[in-house]
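Letter by letter, the chains look like this.
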Amino acid sequence: MKQSFFIVFCICFSATVFAQNNNHYKLWYTQPADAAVKDVDEGWKNDEEWLKALPVGNGSVGAMVFGDVHKERLQLNDKTLWSGSVADNDNPDAYSALQEIRNLLFAGKYKEATELTNKTQICKGKGSGNGNGSTVPFGCYQTLGDLWIDFNTKGDYKNYYRDLNIINGVASVKYEQNGIQFKREIFSSYPAQALIVHLTASKPGSVSFTLDMNRPERFITTTENKRLVMSGVMNNGEGGDGMRYKVIVTPVIKGGTLSAKDNKLIISKSNEVMLVITSATNYRLHYPDYTNNNYQEELIKRTNAAVSTPFAVLKQKHISDFSSFMNRVSLQLGNEGADIPTNELLQKNKQTKNEPYLYALYFQYGRYLLLSSSRKGTLPANLQGMWANKIQTPWNCDYHTDVNVQMNYWPVEVANLSESHLQLVSLIESLYAPGKKTSDIHYRAKGWVMHPITNVWGFTSPGEHPSWGLHVGASAWMSQHLWEHYAFTMDKAYLKKVFPLLESAALFYTDWLVKNPKTGKLVSGPAASPENNFIAPDGSTASISMGPAHDHEVIYNLFTNTIQAAKALSVKNDTIAKIEYALQNLQPLSIGSDGRLMEWSEEFKETEPTHRHVSHLFALYPGSQVSYYSTPDLAMASKKSLEARGDGGTGWSLAMKIGFWTRLHDGDHALILLNRLLYPVRSSDVEMTNSGGTYDNLFCAHPPFQIDGNFGGTAGIAEMLLQSHESFIELLPALPSSWKNGEVKGLRARGGFTLDIKWENGKVIAASLLSNAGGVCKVKYFDKEIELQTEKGKRYDLEI
């Protein structure tokens, strides 16, 4: 029986901001990261001190702040800095083998099918270099270098404190040495497009240091007009020159002297110093040339504008900008623990598994990292967001599209950072043209397609090995984000712009799918279930089959979203009719004899039952084909699959499982996974099974560091509190029983709604809804439901 809320509404502006109690969200420590410890040369190995440093970023330029007393290290990044270049990786020999592979798979000859697939369904050339692409055309995201601020001190110090205020986006360092209080403030300003460092002391004339800048290779550092300048040319992967870059550091001093010596700058006896750090490359996201020939002029203009602006103004504009996004959402679960250094709080939670302040801090930190690494006019967040200190970064620090870059953006809409989603949309738009070429050459299909990896050079071909590289469902999964931005914003102008991308992606799959001769249903293949293997009926170990559930789930999602988009835009044509037909005939999900959701079309035995990927549960999360309410049998089968997979995994795998359990309305199990994700780790080597956790600076450990787990964890916490993937908005659908009291403000729901919820003893005591677009809204809380017609800009108070 349906019950109703008591409804009261009042006029309210959609830009309402909730700032209360947010400023106590800081990462803070009583020891610096040791800048004297040299990074290891091994690209895939993390550096422990680097994982104690704190990240700042504006989407374009970022830094890891060590906070060392004697010699500060700012490890710098420019998010466009890649090696490599545009390359032709589409394989003209792939298509001729496609039908034979399908015939072999349908005939059960997996060994022969696998051998032929391994030979033909791969990219041409060196591909990603097996994840080591720094010297091949695929390229690699790299460190911009290091700025060293050498204070030439060795004495003792006391009262040391450093923090990162994740609401205003400012890192600070404070300590006392020789009776003088020193302070540094560091932030990366989006309004100024510059990294700003401000150094002060309690005694006049006490700020003295030497500035140097370098990187492991391919750089020249000079001093020009009292500025420190580093420039260089990257490897294009073909033995020639690639991307060009330039970094400028401009000191602005009050008192004292500024001089140059040996390509270093020396500041002596100043009262106060501001460093303005700006960078640029000659890259732009524009297929097929990717070149910005005006980058140096643009850099000088930005630099001069920032240098001519007083520090107080730069800081005020930065905080006003940054906090306006961060203050859209507040989450209060209790402040106990806020007075404990973050690394110690992490260790405490390892014992108690019940530190609500840490959970809220981690949630807001995920929002902080996403805002800092994905802003308008920049590239999307990569495998490490934008913070990387190596030349050869793990997996090239690229865009993995078989879960990782998607996970980066799972929280972007629900956590009220919608504008940051558009950087991923821009990347997808840039892949349309090369993806059409890949579709034609590899599959003789219409539309566009991509596979499990891409870079900044338009790579859409399969990878070097089909076991991971033949993820034909990648473009369907990526296209979910095209739809989700509309679903949350109801922006028709945006939908009209991206609709051709959705329609073309769906068109590819209408050509790709083939009839299963046994069932008559349309199936995808040859394809892998990322990145799992099975024992085939002929006894061989295989990854390729016809009809893996994951492919069908992401294709179902794409078809459904495209049909909804066409309806919203009143589009009716032959392509939409083809998509509707294919959707009706797509092979449905199946439940195996053991009660689990089947990962493949047949009940194959997994070679690794606890594999980190759980690709066949996309339909549960982040998809919506499997529903706790409308498909309970499939939901139960998904639960059994999760139980069989276990609660271990890499960092991102643990984060993904949080989302699964929230969709199953099991908040307590989701909390088990959250605590597992927050398990403090020290491992720096690559671990692919069960070593996931969190480093001292709250970066997610794959290991090595990989940022998707941070974003997946933030999204999972939001899903505990609010879900809107069905035809209604549900309040507290997976609230952990230990989170008895709390309040969240500013979460977004599909349909264009913003929700505030307050609860005591596990029960909602107050809730309100802001309608940003108008229209019908359904709200559910346990067995209570209401449907109301909303008006744009009005807030509705919901009282039980």
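Residues numbered from 1 in each chain as written. Predicted model: local features only at pLDDT ≥ 70, side-chain atom pairs only at ≥ 80, totals over all residues. Heavy atoms only, no water.

Asks: Let's hear about the nonpolar core: which residues, and what values?
Replies: Leu76, Leu147, Phe209, Leu211, Leu674 and Phe699 are the most contacted members of the largest nonpolar core, which totals 230 residues. No other element matches helix 6 (residues 356-373), which puts 12 residues into this core. In this structure, Leu674 is in contact with Tyr359, Tyr362, Ile658, Ile717, Met720 and Trp739, ignoring residues within four places of it in sequence. Grouped together as the second largest cluster of nonpolar side chains are 10 residues, Val170, Ala192, Ile196 and Ala306 included. (Core = buried A, V, L, I, M, F, W, Y, C linked by side-chain atoms within 4.5 Å. Buried < 20%, exposed > 50% of the residue type's maximum accessible area, 1.4 Å probe, protein only. Helix = DSSP H or I, 4+ residues; strand = E, 2+ residues; numbered from the N terminus. Contact = heavy atoms within 4.5 Å.)

Asks: Quick rundown of the packing of aromatic side chains? Include the residues and the values.
Replies: The relative placement of two aromatic rings is captured by the distance of their centres and the angle of their planes. Enumeration over the complete set of coordinates arrives at 37 aromatic pairs. Ring geometry for Tyr283 and Tyr290: centres 5.8 Å apart, planes at 10°, overall stacked. Like Tyr283, the residue Tyr290 is buried in the burial classification. Between the aromatic rings of Tyr443 and Trp512, the centroid separation amounts to 5.0 Å while the plane-to-plane angle is 70°, which identifies the pairing as edge-to-face. Separated by 69 residues along the polypeptide, Tyr443 in helix 8 (residues 422-443) and Trp512 in helix 11 (residues 492-512) bring together distant segments of the chain. (Phe/Tyr/Trp six-rings, centres within 6.5 Å; stacked < 30°, edge-to-face > 60°.)

Asks: If you had to explain the side chain of His481 to someone new, which residues and values would you point to?
Replies: Note on placement: His481 falls in helix 10 (residues 474-489). Within polar-contact distance, the side chain of His481 engages the side chain of His421 at 2.9 Å. The contacts of His481, once residues within four sequence positions are left out, are Gln406, Tyr409, Trp410, His421, Leu424 and Tyr494. (Polar contact = N/O pair within 3.5 Å; in protein donor to acceptor, adjacent residues only side chain to side chain.)

Asks: Could you give me a rundown of the pairing of strand 16 (residues 264-270), with the residues and numbers involved?
Replies: Here 4 bridges tie strand 11 (residues 207-214) to strand 16, and the two strands are oriented antiparallel to one another. Its bridge partner being in strand 16, Phe209 is matched across the sheet by Ile267. Note: strand 15 (residues 257-261) against strand 16, 5 bridges, orientation antiparallel. In the sheet register, Thr257 faces strand 16, and the bridge partner there is Ser268. (Pairing = 2+ DSSP bridges.)

Asks: Quick one: what's the story with the sheet that holds strand 15, residue by residue and with numbers?
Replies: As summarised here, the arrangement of the 7 strands in space is 3-4-5-6-11-16-15, forming an open sheet in which the pairing is antiparallel. Sheet topology places strand 3 (54-57) and strand 15 at the edges, where each strand pairs with a single neighbour. The average undirected angle you get between the axes of adjacent strands in this sheet is 20°. Bridge count between strand 3 and strand 4 (residues 61-65): 4 bridges; the pairing is antiparallel. Considered in strand 4, the bridge of Val56 is made with Ala63. (Axes fitted to C-alpha atoms, helices over the stretch in contact; angles between N-to-C directions.)

Asks: Please give an account of helix 16 (residues 667-677) that cites residues and values.
Replies: The element helix 16 is extensively covered by neighbouring structure, given that 8 of its 11 residues are classed as buried. Where helix 16 is concerned, the buried positions are Gly667, His669, Ala670, Leu671, Leu673, Leu674, Asn675 and Leu677. Tucked into the core, helix 16 has its buried residues touching helix 5 (342-352), helix 6, helix 15 (651-663), strand 28 (693-694), strand 29 (700-701) and helix 17 (708-721).

Asks: Before we move on, could you go through the sheet that holds strand 30 (residues 722-723) and cite the residues and values that matter?
Replies: Pairing is mixed across the open sheet formed by 4 strands, whose spatial order is 30-31-35-36. In the strand order of this sheet, the two ends are held by strand 30 and strand 36 (784-790), each with one partner. Where strand 31 (residues 729-731) meets strand 35 (residues 775-781), 2 bridges bridge the pair, whose relative direction is parallel. Residue Ile729 lies in a different strand from strand 35, and its bridge partner there is Val779.

Asks: Just give me the short version of the packing of helix 8 against helix 10, but keep the residues and values in it.
Replies: Where helix 8 meets helix 10, the closest approach of the two axes is 10 Å, and the angle between their N-to-C directions is 130°. One way to sum up the angle between helix 8 and helix 10 is to call them oblique. Read as a crossing pair, helix 8 and helix 10 show a hand that is left-handed. Across the interface between the two elements, Leu422, Leu424, Val425 and Ile428 of helix 8 pack against Met478, His481, Leu482 and His485 of helix 10. (Parallel < 35°, antiparallel > 145°, perpendicular 65-115°, else oblique. Left-handed = near helix turned anticlockwise from the far one by under 90°.)

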